[in-house]
Amino acid sequence: MPRRARDRVAKYNQLLRIEEQLGASAVYHGQRRARSGRRCPLTVSLSPRRQTVLVVLALALVPVAVLAVPARAYLAQRGVLGDREAALAELERSNDELEGRLEHLGDPGEIERIARRDYGLVAAGEESYAILPPATAGVVLPGGWPFDRISGPFARAATGGS
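Residues numbered from 1 in each chain as written. Predicted model: local features only at pLDDT ≥ 70, side-chain atom pairs only at ≥ 80, totals over all residues. Heavy atoms only, no water.

### Observations regarding the side chain of Glu-110
Inference 1: Tracing the chain through its elements places Glu-110 in helix H4 (residues 108-119).
Inference 2: Of note is the side chain of Glu-110, whose polar atom sits 2.6 Å from the side chain of Arg-113.
Inference 3: For Glu-110, the residues in contact, after removing those within four places along its chain, are His-104 and Leu-105. (Helix = DSSP H or I, 4+ residues; strand = E, 2+ residues; numbered from the N terminus. Polar contact = N/O pair within 3.5 Å; in protein donor to acceptor, adjacent residues only side chain to side chain. Contact = heavy atoms within 4.5 Å.)

This is how it looks when you write it as structure tokens:
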């Protein structure tokens, strides 16, 4: 059997199965619609009770479908809002800390103390001295002459002269 004929038989068999499932509630609109090129759907007539249930169900599902997207966005934004509030609280705490430092740095005595400690600056007329660690700290001398004669004084100088 050619493929085209098989497809036609398969469609006819499918229509018969649909007709069996629908039973007496199926209505066929006739050959005229089929020949005009428009679709000729099978219609199903529903009882008034079923129509009412279907309308109520549709009316109940429409608001749920319409509100589902905004509700999901609202819940997602609530989570983001909590994170943003925590970050804002941290920034406010940091700002308070920095304002305290700014007030502290407004004192000329504090600026002078920082300039002396961190930058080694001195006031006009003062001299600055730097105390260096002992020169022998960490020095390892070879064991041969003349180093064997001076290793003792170096070791005493490194320990503070005792």
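Still more to cover.
### So, H4
Inference 1: In this model H4 runs 16 Å from its N-terminal to its C-terminal C-alpha over 12 residues, within 8% of the 16 Å that 1.5 Å per residue would give.
Inference 2: Every buried residue of H4 is accounted for by Glu-110, Ile-114 and Ala-115. One side of H4 holds all its buried residues, which, seen down the axis, span an arc of 135°.
Inference 3: Residues of H4 that are buried make contact with helix H3 (48-105).
Inference 4: Looking one or two residues beyond H4, the residue adopting positive phi is Gly-120, at roughly 70°. (Expected span 1.5 Å × (residues − 1). Buried < 20%, exposed > 50% of the residue type's maximum accessible area, 1.4 Å probe, protein only. Arc of directions from axis to C-beta.)

### Looking at a negative patch on the surface
Inference 1: On the surface, Glu-92, Asp-96, Glu-99 and Glu-103 cluster together into a negatively charged patch.
Inference 2: By the element assignment, Asp-96 lies in helix H3.
Inference 3: Using a relative accessible area of 52% as the deciding quantity, one classes Asp-96 as exposed. (Patch = residues over 30% accessible without salt bridge, like charges linked within 9 Å, V, L, I, M, F, W, Y side chains within 5 Å. Areas by Shrake-Rupley, 256 points an atom, 1.4 Å probe, with all protein chains shown as cover. Salt bridge = Lys/Arg side-chain N within 4 Å of Asp/Glu carboxyl O. Lys, Arg positive; Asp, Glu negative; His and termini not counted. Charge placed at Lys NZ, Arg CZ, Asp CG, Glu CD.)

### What about the environment of Ser-128?
Inference 1: Mapped onto the fold, Ser-128 is located in the loop between H4 and helix H5 (147-158).
Inference 2: Since its relative accessible area comes to 49%, Ser-128 is described here as partly exposed.
Inference 3: The sequence separation of Ser-128 and Arg-116 amounts to 12 residues, and the corresponding C-alpha distance is 9.6 Å.
Inference 4: In contact with Ser-128, other than residues within four places in its own chain, are Gly-120 and Val-122.

### Observations concerning the environment of Arg-116
Inference 1: Within the secondary structure layout, Arg-116 lies in helix H4.
Inference 2: Beyond its immediate chain neighbours, meaning those up to four positions away, Arg-116 contacts Leu-121, Val-122, Ala-123 and Glu-126.

### Regarding the pattern of salt bridges
Inference 1: As enumerated under the stated definition, the model contains six salt bridges in all.
Inference 2: Here Glu-126 makes a salt bridge to Arg-116, at a shortest N to O gap of 2.8 Å. Remark: Arg-116 occurs in helix H4 and Glu-126 occurs in the loop between H4 and H5; sequence separation between them is 10 residues.
Inference 3: Classification of Arg-116 by relative accessible area gives partly exposed; the value is 34%.

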